[in-house]
Protein chains: 2
Amino acid sequence: MTTLQRVAERAGVSTATVSKVLSNTPYFTEETRRKVMEAVEELGYVPNLAARALSSGRTHIIAVVFPQIFDAIFTDPFMLHLLEGVEAECHKQGYNMLMSTPRLSSQGFDAHYQQLIQSGYADGIVALDNIPARSVLQIAHERELPAVGIGYHDNKYHVRSDDISGATQIMQHVLELGHRQIGIISVAEELNFSVRRRLNGLRSTAEKFNMDFNAFPQAEGDFSINSGARAAGELLNTHPEITAVICLNDRMAMGAIQQARALGRSIPENLTIVGYDDIPSAAVFAPPLTTINQQAPEIGRAATRMLFEVIDGGNPHPVNVPPVLIVRQSSAPPLESPRA
Amino acid sequence: MTTLQRVAERAGVSTATVSKVLSNTPYFTEETRRKVMEAVEELGYVPNLAARALSSGRTHIIAVVFPQIFDAIFTDPFMLHLLEGVEAECHKQGYNMLMSTPRLSSQGFDAHYQQLIQSGYADGIVALDNIPARSVLQIAHERELPAVGIGYHDNKYHVRSDDISGATQIMQHVLELGHRQIGIISVAEELNFSVRRRLNGLRSTAEKFNMDFNAFPQAEGDFSINSGARAAGELLNTHPEITAVICLNDRMAMGAIQQARALGRSIPENLTIVGYDDIPSAAVFAPPLTTINQQAPEIGRAATRMLFEVIDGGNPHPVNVPPVLIVRQSSAPPLESPRA
DNA sequence: TAAAAATAGTTAAGCGCTTAACTATTGCGA
DNA sequence: TCGCAATAGTTAAGCGCTTAACTATTTTTA
């Protein structure tokens, strides 16, 4: 490994001058710059980043943190898309990403994660902060490490998907198709921060159409395909008059479709079913799902840009990323619908 | 931030003694250990890992490298599952993962990736090494950085999915169902290393059943859903007698199913269609796909264990991870089949 | 014309940790 | 009982880089 010292000898200047030229710190002549850059090129010099990190106090590494509950993160394509956005911004700024996937126990997040945060390895953190019981960024705040949360924890610097807007769009879509007998497959609010906001978006949109949201029949699932099937079964048995079902995520929508079919309904001809999240399976499902896409890459990009601003001493505003309605073949007007 | 120096002062010993106790290097008394550990706990000491990396020459970070072609990696769940396996082994050994997703241009992999490899930040690399045109690990070999490749490049240390075994299992499954009129949806061999081996596995299994593989009608796709649909259309138009189609991946199988349906075939009753890879959509497709699961988490684990062995000076053997046949509802015996 | 400011390059110290070499003491074996 | 080996702890140097402070020269301003 070639050192800065050897570059300095080759260029006939001090190591401080080499450092100055490489970091573009004033003052040096064009001749000095030429001599240094020639030596760098001839020797194939690449800086030792651990040394640079130690002396400058800056690593140009950010930690990307996805907390693990039930190992779900490694099966969730949302994670990959967040990562895509984070990576794109890191690449632009010459930063590297250190992955951390902490496990929560009764004593808090595991020791390995705690050590990483305090290790001096990362200039800052972007974290998916979505476990209601505990914020994964608390330890970063205690250490005054720059941090941006993705999700609903009360972090000063955060990026969120605008679940109210997403729910508004999906409810509006269903109502504009002419549906009035609408079932809701919901989830217990303690499981996930976004549930309340999705329900609020559905409610406020129904009210704009002068409909009483509380009169819509509801059944409860737990985000899984099976729970969606069970909930759809309940709804269709107790409310056979419904012409549409809004599910709070895609997997429950898939289960609902399977169950509705088993109960003799055809989709979407006499029952419209819509989901939320636009997981990859949604597009290839039969029929392809109408759903809400959260634009995870853009969330990842916005969070990372925000973190760089915090690291550079800025004080950026929180960001809400608007989701996008994706209309596919699982939704259609009801058969006897008077178009409103 | 508390330093080792302050711990030494608190415990009343030298910094070298603190370092010794923390690394369990001989020799120290039980009394000295107690004094040091008390000081560590009272001061909440956490080592600065950049300093440790600089002086010891070891970071306890490995680089996890997924080369980018056409941004496909951020939509491929296989990546997430590899990462799952790598992360599990890193967690066990107290290592951290530095993600790198280099881009290939005509001049080779990008400068950011090259700097990362030479930076002293990573003790070693686990890389998905699957671009036929160029090995992502060449630069690591030049720098004598410990490296393990996942895939078919000729790396000394590598882990591969046993594509021959996977293809053997899927062909055997189709033949044991009684199919003899079998179409193959293939891919040009230059696109991906695994194609030849999958075809070889299919061929050798057919020969074991005394069948001439070259007599099976073939059409070519490019791994995409659309190409699968086109290829299936060709096959069914020129060979309407076929009772099964083997596709070299799941997405082509999905396209083939959609096209076969459009051409009046029911799946699997009068046409069995099978895929390869067990992507998440396979399980929720209609009908759920019979396919081959590559056990990506186990590949990630094996590669990471191998890297730790190389870092510690060992000389491990390459590993082939056996895929698993997943039978679902897209395959069934042919209607007029004499069970062989 | 003299003083102040800017330019250019260097010296010196240090970032926090590791560990080889050294020193002193104790224990073991012949 | 003496010499060698093991134990215990310390000293000293260094890993590769950054940058504040310093020094010398040139340029600008009043």
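As shown above, the structure is provided for reference.
Per-chain numbering applies: the sequence of each chain, read as written, is numbered from 1 onward. As a convention, the first chain written is A and the first ligand written is 1, with the rest following in written order. In keeping with the predicted nature of the model, local features appear solely for residues at pLDDT of at least 70, side-chain atom pairs appear and are counted solely at 80 or more, and the whole-chain, interface and lining totals rest on all residues. Excluding hydrogens and water, the side-chain values take into account all heavy atoms of the structure.

1. Comments concerning the interface of chain B and chain A
- Any two residues whose heavy atoms approach within 4.5 Å at even a single point are treated as in contact. Contact residues are listed per partner, giving 46 residues for chain B and 46 residues for chain A.
- Once two parts are brought into contact, the accessible area they lose, counted with a 1.4 Å probe and summed over both, makes up the buried area. Across the interface of chain B and chain A, roughly 4300 Å² is buried in total on both sides, 65% from carbon and sulfur atoms.
- Looking only at chain B, the three residues that lose the most surface to chain A are B:F74, B:L80 and B:Y121, adding up to 18% of its buried area.
- Whenever Lys or Arg places a side-chain nitrogen within 4 Å of a carboxyl oxygen from Asp or Glu, that contact is recorded as a salt bridge. Where chain B packs against chain A, one counts two salt bridges.

2. Topic: the protein's contact with DNA strand D
- The cutoff for a nearby residue is simple: one of its non-hydrogen atoms must lie within 4 Å of the molecule or strand. In the vicinity of DNA strand D there are 22 residues, among which A:L4, A:S19, A:Y45, B:T17 and B:T32 approach most closely.
- Near the protein, meaning within 4 Å, the atoms of DNA strand D are sugar or phosphate in a fraction of 72%, with bases accounting for the rest.
- Pairs of N or O atoms within 3.5 Å make up the polar contacts considered here, provided that, within protein, one atom can donate a hydrogen while the other can accept it, and that residues adjacent in sequence are counted only when both atoms are side-chain atoms. Within the backbone of A:A51, one N or O atom sits 3.3 Å away from a base nitrogen of DNA strand D.
- For DNA strand D, a phosphate oxygen lies 2.8 Å from a polar atom in the side chain of A:R52.
- Going through the elements one at a time, α2 (15-23) and α4 (49-56) of chain A together with α2 (15-23) and α4 (49-56) of chain B are the ones with two or more residues in the surface near DNA strand D.
- Helix numbers and strand numbers start at the N terminus; a helix is a DSSP run of H or I with at least 4 residues, a strand a run of E with at least 2. For the surface near DNA strand D, the element with the highest residue contribution is α4(A), accounting for four residues.

3. So, the sheet that holds strand β10 (residues 244-247) of chain B
All names here are of chain B.
- Here the rule is simple: two strands pair whenever DSSP picks up at least two bridges between them. Taking strand neighbours across the sheet as the criterion, the four strands line up as β9-β8-β10-β11 in an open arrangement whose pairing is parallel. If you trace the sheet from one side to the other, it starts and ends with β9 (218-221) and β11 (272-274), each paired once. Here the strands of the sheet are splayed against their neighbours by 20° on average, with no regard to which way each runs.
- Pairing between β10 and β11: three bridges, direction parallel. Bridged to I246 within β11 is V274.
- For helices, the fitted line uses only the C-alpha atoms of the stretch in contact; every axis is such a line through C-alpha atoms, and the angle between N-to-C directions lies from 0 to 180 degrees. Sitting on the sheet, helix α8 (residues 163-176) is in contact with β8 (182-187), β10 and β11, with an inclination near 175° to β10.

4. Concerning the nonpolar core
- By size, the foremost hydrophobic cluster in this structure holds 60 residues, and its most contacted members are A:I62, A:F66, A:L83, B:I62, B:F66 and B:L83.
- Those residues in contact with B:L83, other than ones at most four positions away along the chain, are A:F74, A:L83, A:M99, B:V64, B:F66, B:M97 and B:M99. Put simply, a nonpolar core is a bunch of buried Ala, Val, Leu, Ile, Met, Phe, Trp, Tyr and Cys residues held in one set by side-chain atoms that sit within 4.5 Å of each other. Categorising residues by exposure relies on relative accessible area from a 1.4 Å probe, with only protein chains included: less than 20% of the type maximum marks a residue as buried, more than 50% marks it as exposed, and the intermediate range marks it as partly exposed.

5. Some words on the sheet that holds strand β1 (residues 61-65) of chain B
- An order of β13(A)-β7(A)-β6(A)-β5(A)-β1(A)-β2(A)-β2(B)-β1(B)-β5(B)-β6(B)-β7(B)-β13(B) is seen for the 12 strands of this open sheet, with the pairing classed as mixed. Edge positions in the open sheet fall to β13 (319-321) of chain A together with β13 (319-321) of chain B, since each of these has one partner strand only. Recorded for the sheet is a direction-independent mean angle of 20° between the axes of neighbouring strands.
- Where strand β5 (residues 124-128) of chain B meets strand β6 (residues 147-150) of chain B, four bridges bridge the pair, whose relative direction is parallel. Across the sheet, residue B:I125 finds its bridge partner in β6(B), namely B:A147.
- Most of the contacts of helix α5 (residues 77-93) of chain A go to strand β2 (residues 96-100) of chain A, to which it runs at about 150°, and overall it touches β1 (61-65), β2, β5 (124-128) and β6 (147-150) of chain A together with β2 (96-100) of chain B.

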